[in-house]
Amino acid sequence: MVTLEESCAFMERIMVATGTDPTHAADLAELLVSADHRGHFSHGLNRIDVYMNGVEAGIIAKSGQPTVLKELAATAWVDGENLLGPTVGKFCTDLAVQKAREAGIGCVVVKGSNHFGIAGWYSMRMMEAGMLGLSFTNTTPCAVPTRARQNTLGTHPIACAAPALSDDSFVLDMATTTAAYGKVEICKLKDQSIPNGWGCDSTGKETNDPKEVIHGGGLLPLGGKEISGGYKGYGLTMMVEVMTGILGGAHFGGNIRKWLATDREADLGQCFIAIDPEAFAPGFRDRMSQLMSMCRNAEPAEGESAVLVAGDPERAHMEKVAKEGGLRYHRNLFKKLHSPVGSPDQQVGGGSPAFDPVSTILKALKKNIL
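As the structure is a prediction and not an experimental result, all values here were calculated from the model. (Residues numbered from 1 in each chain as written. Predicted model: local features only at pLDDT ≥ 70, side-chain atom pairs only at ≥ 80, totals over all residues. Heavy atoms only, no water.)

### Description of a nonpolar patch on the surface
- There is a patch of nonpolar side chains on the surface, built from Val242, Ile246 and Phe252 and spanning about 260 Å² of accessible area.
- Topologically, Val242 is positioned in helix α8 (residues 230-248).
- Taking the relative accessible area as the measure of exposure, Val242 reaches 45% and is therefore partly exposed. (Patch = residues over 30% accessible without salt bridge, like charges linked within 9 Å, V, L, I, M, F, W, Y side chains within 5 Å. Areas by Shrake-Rupley, 256 points an atom, 1.4 Å probe, with all protein chains shown as cover. Salt bridge = Lys/Arg side-chain N within 4 Å of Asp/Glu carboxyl O. Helix = DSSP H or I, 4+ residues; strand = E, 2+ residues; numbered from the N terminus. Buried < 20%, exposed > 50% of the residue type's maximum accessible area, 1.4 Å probe, protein only.)

This is the structure we're talking about:
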């Protein structure tokens, strides 16, 4: 059992040990712990080695600040200056909120960013400022278009957070593939099969073996195969690409480097939109609560106990963490973190060996900062 504070402090100190700006390290640690706290273990501590690897290999900047390249009353185009994704996203989110307060809406698009963790962290940040928040990012090619076998697009997540009455809220955070890549990795770590519709092998044939997805295969668009609506997920994935890589002038589609590769910068595109509900019809929060109540109070289908709305499973997990007094991490996660990048436990999506994550941890231990 690990407390939230212990987990956050551990990851923050590890990043500082790589030479990362302490403020940037704190941004990253806060995001990763938030992911674990909400039950998204695929994007929490499970990802710390990715960020350490990037900084250690010199493909993620250790310090600096994003730069505003172009700005209008309600919009901004930003260069992330190759900084850690959470630092870039936090900057853009705050800028979008500022513009929404002045113009009713703020849309900030960025190039030159990196993997930014769970998209919901940014939409929730905007929501906590009283806004309706949306966030999008493109990602490394790991998904196959409908009818294809080659990875051309990424998981390209969509997040939307809307405030309701009291502390209630609608928080959607989803990949536009049926499952996030990290969830396939978690199944591999636990030696579990994956459900139908998650991924395909190298021939484009649907598979239940996570290893076939990771080694030569790819993720399927939301909906799975074409017959079950996968072409709609494919369309959503491309829509996110339009809003991020295309609109932002970043790398896009198959031009984005492979996952864990260290040959060049990621140059991801991201989009953050803050909308002030007060700029539109009054009573937004009340209507939002009514809508969620309509769904939650719907009669459950046979065999189901309750109808949920986006954000409910995460709230339940956070309550579980509070009751148990901390986070429970799977033992195989630590096995992965102690495996060199490029080993069978580490390498996915064509990554190239760079360094052993545990070496950074040992450096930190020698500095007596753990």
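### Considerations on the sheet that holds strand β3 (residues 105-113)
- The strand order β1-β2-β3-β10-β4-β5-β6 describes an open sheet built from 7 strands, whose pairing is mixed. One side of each edge strand has no neighbouring strand; the edge strands of this open sheet are β1 (67-71) and β6 (169-174). Along the sheet, successive strands turn relative to each other by an average axial angle of 15°, direction set aside.
- Summarising the sheet, strand β2 (residues 75-79) and β3 pair through 5 bridges and their orientation is parallel. Paired with Ala76 across the strands is Val108, a residue of β3. (Pairing = 2+ DSSP bridges. Axes fitted to C-alpha atoms, helices over the stretch in contact; angles between N-to-C directions.)

### Quick word on the packing of aromatic side chains
- With the rule as written, the count across this model stands at 5 aromatic pairs.
- For the pair Phe41 and Tyr329, a centre-to-centre distance of 6.0 Å together with 80° between the ring planes defines the contact as edge-to-face. Of this pair, Phe41 sits in the loop between α2 (22-37) and α3 (48-56) while Tyr329 sits in the loop between α10 (312-324) and α11 (331-337), placing them 288 residues apart in sequence.
- Assessed through its relative accessible area of 24%, Phe41 is described here as partly exposed.
- When the centroid spacing of 4.5 Å and the interplanar angle of 20° are considered together, the rings of Phe116 and Tyr122 count as stacked.
- Of the residues examined, Phe116 reaches a relative accessible area of 2% and is grouped as buried.
- Here the aromatic cluster, defined as three or more aromatic residues joined through ring pairs, consists of Phe116, Trp121, Tyr122 and Phe272. (Phe/Tyr/Trp six-rings, centres within 6.5 Å; stacked < 30°, edge-to-face > 60°.)

### Here we look at empty space enclosed by the protein
- For the structure on display, the rule yields 4 cavities of 30 Å³ or more.
- The calculated volume of the largest cavity comes to roughly 220 Å³.
- Take the lining of the largest cavity: its biggest share by element is 4 residues, from α3.
- Of the residues contributing to the lining of the largest cavity, the split by class is 10 nonpolar, 7 polar and 2 charged. (1 Å grid on protein atoms, 1.4 Å probe; cavity = no way out; pocket = protein on both sides within 12 Å on 5 of 7 lines; lining within 4 Å. Points joined across faces, edges and corners; volume = space filled by probe spheres on them. Nonpolar A, V, L, I, M, F, W, Y, C, P; charged D, E, K, R; others polar.)

### Side note on the environment of Ile186
- Looking at where Ile186 falls in the secondary structure, it is placed in helix α6 (residues 181-189).
- Sequence separation of Ile186 and Pro22 is 164 residues, and the distance between their C-alpha atoms is 29 Å.
- What Ile186 contacts, discounting residues up to four positions off in sequence, is Phe41, Ser42 and Asn46. (Contact = heavy atoms within 4.5 Å.)

### Description of the nonpolar core
- Counting 44 residues, the largest nonpolar core has Met15 and Ile48 as its most contacted members.
- In terms of residue count, α2 provides more of this core than any other element does, 7 residues in total.
- Setting aside residues up to four positions removed in sequence, Met15 forms contacts with Thr20, Ala25, Leu28, Ile48, Tyr51, Met52, Val55 and Leu84.
- Residues Phe136, Ala164, Cys271 and Val309 belong to the second largest nonpolar core, which totals 16 residues. (Core = buried A, V, L, I, M, F, W, Y, C linked by side-chain atoms within 4.5 Å.)

### Details of the sheet that holds strand β9 (residues 218-219)
- Read across the open sheet, the 3 strands follow the order β8-β7-β9; overall the sheet is antiparallel. Every other strand in the sheet has two partners, leaving β8 (206-207) and β9 as the edge strands with one partner each.
- Pairing of strand β7 (residues 199-200) with β9, which is carried by 2 bridges, proceeds in the antiparallel orientation. Following the sheet pairing, Gly199 is matched in β9 by Leu219.

### Focus: the pairing of β6
- One ladder, built from 6 bridges, connects strand β5 (residues 158-163) with β6; its direction is antiparallel. Bridge pairing in β6 links Ile158 to Met174.
- Hairpin connection from β5 to β6: 5 residues lie between these consecutive antiparallel strands, with Ser166 at a positive phi of about 55°.

### Section: the pattern of salt bridges
- Per the stated rule, a full pass over the model turns up 13 salt bridges.
- A salt bridge links Lys211 to Asp209, with the shortest nitrogen-to-oxygen separation between them at 3.5 Å.
- Judged by its relative accessible area of 24%, Asp209 is partly exposed.
- Where Asp312 meets Arg296, a salt bridge forms, and the shortest distance between an N and an O atom there is 2.7 Å. With Asp312 in helix α10 and Arg296 in helix α9 (residues 284-296), this residue pair connects regions lying 16 residues apart in the sequence.
- Taking the relative accessible area as the measure of exposure, Asp312 reaches 13% and is therefore buried.

### Observations regarding the environment of Ala26
- Residue placement: Ala26 occurs in helix α2.
- Of the residues examined, Ala26 reaches a relative accessible area of 25% and is grouped as partly exposed.
- Each C-alpha atom of the pair Ala26 and Cys142 lies 29 Å from the other, and the pair is 116 residues apart in sequence.

### With respect to the confidence of the model for the protein chain
- Predicted confidence across the protein chain gives a mean pLDDT of 91, with 91% of residues reaching 70 or more.
- pLDDT under 50 marks residues 364-370. Its contacts with residues more than four places away, or in other chains, come to 12 contacts. (pLDDT = per-residue confidence, 0-100.)

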